[in-house]
Amino acid sequence: MNFMAEKSLTFFKFFLMSQGEEREKATEEVLEVLRTLEHEALADKKFFGGDNIGLADITFGWLAYWFECTEEVVDVKLLSPTTFPRLHLWVENWKEVDVVKENHPDSEKLLGHFRRFRERFT
């Protein structure tokens, strides 16, 4: 969880960088964080804690929705079954947990919020 607290700014910078060298650097930083999450934190487990969701999954859960909106708004695909297969599967597994499905944000509203936020700061 300390890892996520330390790296959350990386995702924020990526979201706000619109072009050029800064965007390339921010993209590479996000990809490095994702590599670490996939290989070291998630490894071959269904969830970060094993077969069931745990505190780490709850800590990272926002990523499942952040990717969808950010990839559309920024127009850069980061998470796919070919680039990060285990992390992609984790997102799919996360979204199938009953309590998550019952409480997930409305996709269109969230996307609108992301667009407005990015327009305001870029």
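Residues numbered from 1 in each chain as written. Predicted model: local features only at pLDDT ≥ 70, side-chain atom pairs only at ≥ 80, totals over all residues. Heavy atoms only, no water.

Colleague: I keep staring at the overall build of the protein chain and nothing clicks. Help me out?
Modeller: Of the regular secondary structure elements, the protein chain holds 7 helices and 0 strands. Along the chain direction, N to C, the helices and strands of the protein chain fall in the order α-α-α-α-α-α-α. Here the protein chain has a C-alpha radius of gyration of 14 Å; the compact-globule value for 122 residues is 14 Å, and the two agree. Expressed along its principal axes, the backbone C-alpha trace of the protein chain runs to roughly 40 × 30 × 30 Å. Pairs at least 24 apart in sequence give 70% of the contacts found in the protein chain among residues at least 6 apart. Summing over all exposed atoms, the protein chain offers an accessible surface of approximately 7,400 Å²; the carbon and sulfur share of this is 51%. The average position of the 16 basic charges and that of the 23 acidic charges among the side chains of the protein chain differ by 3 Å. (Helix = DSSP H or I, 4+ residues; strand = E, 2+ residues; numbered from the N terminus. Rg over C-alpha atoms; globule rule 2.2 N^0.38 Å. Contact = heavy atoms within 4.5 Å. Areas by Shrake-Rupley, 256 points an atom, 1.4 Å probe, with all protein chains shown as cover. Lys, Arg positive; Asp, Glu negative; His and termini not counted. Charge placed at Lys NZ, Arg CZ, Asp CG, Glu CD.)

Colleague: Explain the environment of Trp90 to me, please; I cannot follow it from the model alone.
Modeller: Mapped onto the elements of the fold, Trp90 is located in helix α5 (residues 85-95). Setting aside residues no more than four positions away along its own chain, Trp90 makes contact with Leu42, Lys46, Phe47, Phe48, Asp57, Phe60 and Gly61.

Colleague: Hey, could you run me through the packing of aromatic side chains in this one?
Modeller: For any pair of aromatic rings, the description rests on two quantities: the centre-to-centre distance and the angle between the ring planes. The final tally for this structure, using the stated rule, is 5 aromatic pairs. Their ring planes at 75 degrees and their centres at 5.3 Å tell us that Trp66 and Phe67 sit as a pair that is edge-to-face. Classification of Trp66 as buried rests on a relative accessible area of 7%. The rings of Phe48, Phe60, Trp90 and Trp94 are connected pair by pair, giving a single aromatic cluster. (Phe/Tyr/Trp six-rings, centres within 6.5 Å; stacked < 30°, edge-to-face > 60°. Buried < 20%, exposed > 50% of the residue type's maximum accessible area, 1.4 Å probe, protein only.)

Any link to function would need more than the numbers given here.
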